[in-house]
Amino acid sequence: MKQPIKGFSKLSKEDKIDWLVANYFQDNSKAKDLIKNYWHSDQKLQQLHDEFIENTITNYYLPFGVAPNFLINDKLYSIPMAIEESSVVAAASKAAKFWLERGGFKAAIVSTKKVGQVHFTFSGDFEKLNTFFNKIKPQLFQDTKGMTQNMEKRGGGILDIELVDKREALEQYYQLHCTFETLDAMGANFINSCLEQFAKTLKGAAEVYTDFSPEDELTIIMSILSNYVPECLVKAEVSCPVSELNEDDGIAPEVFADKFIKAVRIAEVEPYRAVTHNKGIMNGIDAVVLATGNDFRAVEAGVHAYAARNGQYSSLTHASVENGIFKFWIEIPLALGTVGGLTSLHPLVKLALEMLEKPNARELMMLVAVAGLAQNFGALRSLTTTGIQKGHMKMHLMNILNQLGATQEEKIIMTNYFKTRTVSHSEVIEKFNSLKTIKQ
Ligand code: MEV
């Protein structure tokens, strides 16, 4: 039986690996070789990656692809995407080219407000608490001056602090609901530091507030930013005359527009479909968020909460035809940063941002929203015309061939063979083996 290990984090990297391979791998040397094979030969670069997290033993690669030809607000971009799923970059590129020829994407920021909360309980009377809060509110701003000065110089900072009575939801529960403008930073550290100071000030002031009686207990539960940012919102859209839609999929433009809009309507009213529909949107969004060093878990959590804001999970995109004009748009909350965090640390993140011509956070929000819209357009276009398997299977075939170690020549033969046939794992293996047999 395996024994727990004490002080694992204190072991050297080599010792961590030795312990792991000795405990979990049959073929010790093979596992160790593989782990080391993914180390970077540049020691400085490796150390940088080692230090991003704790207990690093090696690197985990994801493909870094590029989708060119994105015309956004009349400017041409090549969009970097870090993603493991085949077809995503191809679909984004195809959608970009389609809309390049039809005026491109238009995007705009709706708002950039971020939220953080101090959650606390208070056992006394609400009116007393409210009076106390209004008295100490200036002090909450004052005590965070050291943290907010720089942000304020650039036009950001704390926007407001409100006391919210949440007792209907939970006994004695109150919040300081705080809003922030964090400019080009995602702002997690800034917001959390401010919140923790608010909590200290709140608690400290309550302890010496003479109008509270000993029974008026104020207890801080926690202080943390919210990843739900419905007021950090961006919109992106495409539009063109219906007659200019879809010249190459063997379907009349009006029929295509009609099917497309119905597909979007289905995602608006049917949660089972909405989840998959939005998953496709997130294929594009996460890939750019990751490539640009942003927190895709935060984005995911916030986006899905937004998709359910009206009480039922629904589509993030919408479509219409009015006066012969097809319009397709997305409205999505995105808390992103182009300074701080990984953005100045990870060399590939720096490269991605340079490729995007060093956008500010607002510009990045627009680019990311467009990537999501493009991805959704590509998916719906395939789903309502040819089906998605056609494109997916091409990439699936390539993945299987790579697993089999096929040569370039074998890949060409196999791709030609499966052009008119359905790709299945077993059939690819069978055909591949027969190729090998013929050669021998
Ligand atoms: C697959 O990763 C994404 C799709 O399922 C999205 C969709 O169905 O809209 C193709």
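Our structure is the block above this text.
All figures in this text were calculated on a predicted structure; none of them were measured in a lab.

Caption draft 1: Representation of the layout of surface pockets. Of the voids in this model, the largest pocket is the one considered here, and its volume is about 1,400 Å³. Looking at the largest pocket, it is lined by 39 residues, and the ones nearest its centre are H49, F52, L290, L342 and H346. Looking at the lining of the largest pocket, the elements that each hand over two or more residues are α3 (43-50), α7 (188-208), α9 (271-291), α10 (296-307) and α11 (347-355). Tallied by class, the residues present in the lining of the largest pocket amount to 20 nonpolar, 16 polar and three charged.

Caption draft 2: Quick look at the nonpolar core. Ranked by internal contacts, the top residues of the largest apolar core, which has 66 residues, are F70, F326, F328 and L334. Here this core gets twelve residues from one element, more than from any other, and that element is helix α12 (residues 361-384). In this structure F328 touches A236, E237, V238, F260, V264, T317, H318, A319, L373, N376, F377 and L380, once residues within four positions along its chain are discounted. Membership of the second largest hydrophobic core comes to 30 residues, among which are I161, C178, F190 and I191.

Caption draft 3: Broad picture of the state of the cysteines. Throughout the structure, instances matching the rule amount to zero disulfides. C194 provides the cysteine sulfur closest to C178, a residue in no disulfide bond, and the two sulfurs are 8.7 Å apart. There is no disulfide at C232, and the cysteine sulfur nearest it, in C194, is 16 Å away.

Caption draft 4: Up close: the environment of L336. Structurally, the position occupied by L336 is in the loop between β10 (325-333) and α11. With 222 residues separating them along the chain, L336 and K114 place their C-alpha atoms 10 Å apart.

Caption draft 5: Summary view of the pairing of strand β6 (residues 173-181). With eight of nine residues buried, β6 is to be regarded as a mostly interior element. Pairing of strand β4 (residues 114-122) with β6 involves eight bridges; the strand directions are antiparallel. Considered in β6, the bridge of K114 is made with F180. Bridge count for strand β5 (residues 157-165) against β6 is eight bridges, and the pairing is antiparallel. Along β6, the bridge assignment pairs D165 with Y174.

Caption draft 6: Spatial organisation of the packing of helix α1 (residues 13-24) against helix α2 (residues 28-37). Packing of α1 against α2 leaves a shortest axis separation of 9 Å and a crossing angle of 140 degrees. Classed by the angle they form, the pair α1 and α2 counts as oblique. At the point where α1 passes α2, the crossing takes the right-handed sense. Mapping the contact onto sequence places E14, I17, D18, V21 and A22 in α1 and N28, A31, K32, I35 and K36 in α2. Looking at the contact of α1 with α2, its residues break down into five nonpolar, one polar and four charged.

Caption draft 7: Up close: empty space enclosed by the protein. Going through the model one piece at a time under the given rule, you end up with two cavities of 30 Å³ or more. Estimated volume of the largest cavity: approximately 100 Å³. Lining the largest cavity are 13 residues, with M186, S226, N227, V229 and A335 positioned closest to its centre. Per-class residue counts for the lining of the largest cavity are ten nonpolar, two polar and one charged. Looking at which domains feed residues into the lining of the largest cavity, each of domain 2 (64-110 + 232-387) and domain 3 (114-226) gives three or more. Counted as a void, the second largest cavity has a volume near 40 Å³. Lining the second largest cavity are T112, K114, E181, L183, C232, L336, A361, R362 and M365. Looking at the lining of the second largest cavity, the element that brings in the most residues is α12, giving three residues. Residues that form the lining of the second largest cavity fall into these classes: five nonpolar, one polar and three charged. Viewed by domain, the lining of the second largest cavity spans two of them, domain 2 (64-110 + 232-387) and domain 3 (114-226), each represented by three or more residues.

The rules behind the values
- Residues numbered from 1 in each chain as written.
- Predicted model: local features only at pLDDT ≥ 70, side-chain atom pairs only at ≥ 80, totals over all residues.
- Heavy atoms only, no water.
- 1 Å grid on protein atoms, 1.4 Å probe; cavity = no way out; pocket = protein on both sides within 12 Å on 5 of 7 lines; lining within 4 Å.
- Points joined across faces, edges and corners; volume = space filled by probe spheres on them.
- Helix = DSSP H or I, 4+ residues; strand = E, 2+ residues; numbered from the N terminus.
- Nonpolar A, V, L, I, M, F, W, Y, C, P; charged D, E, K, R; others polar.
- Core = buried A, V, L, I, M, F, W, Y, C linked by side-chain atoms within 4.5 Å.
- Buried < 20%, exposed > 50% of the residue type's maximum accessible area, 1.4 Å probe, protein only.
- Contact = heavy atoms within 4.5 Å.
- Disulfide = S-S within 2.5 Å.
- Pairing = 2+ DSSP bridges.
- Axes fitted to C-alpha atoms, helices over the stretch in contact; angles between N-to-C directions.
- Parallel < 35°, antiparallel > 145°, perpendicular 65-115°, else oblique.
- Left-handed = near helix turned anticlockwise from the far one by under 90°.
- Domains from an automatic or database assignment.

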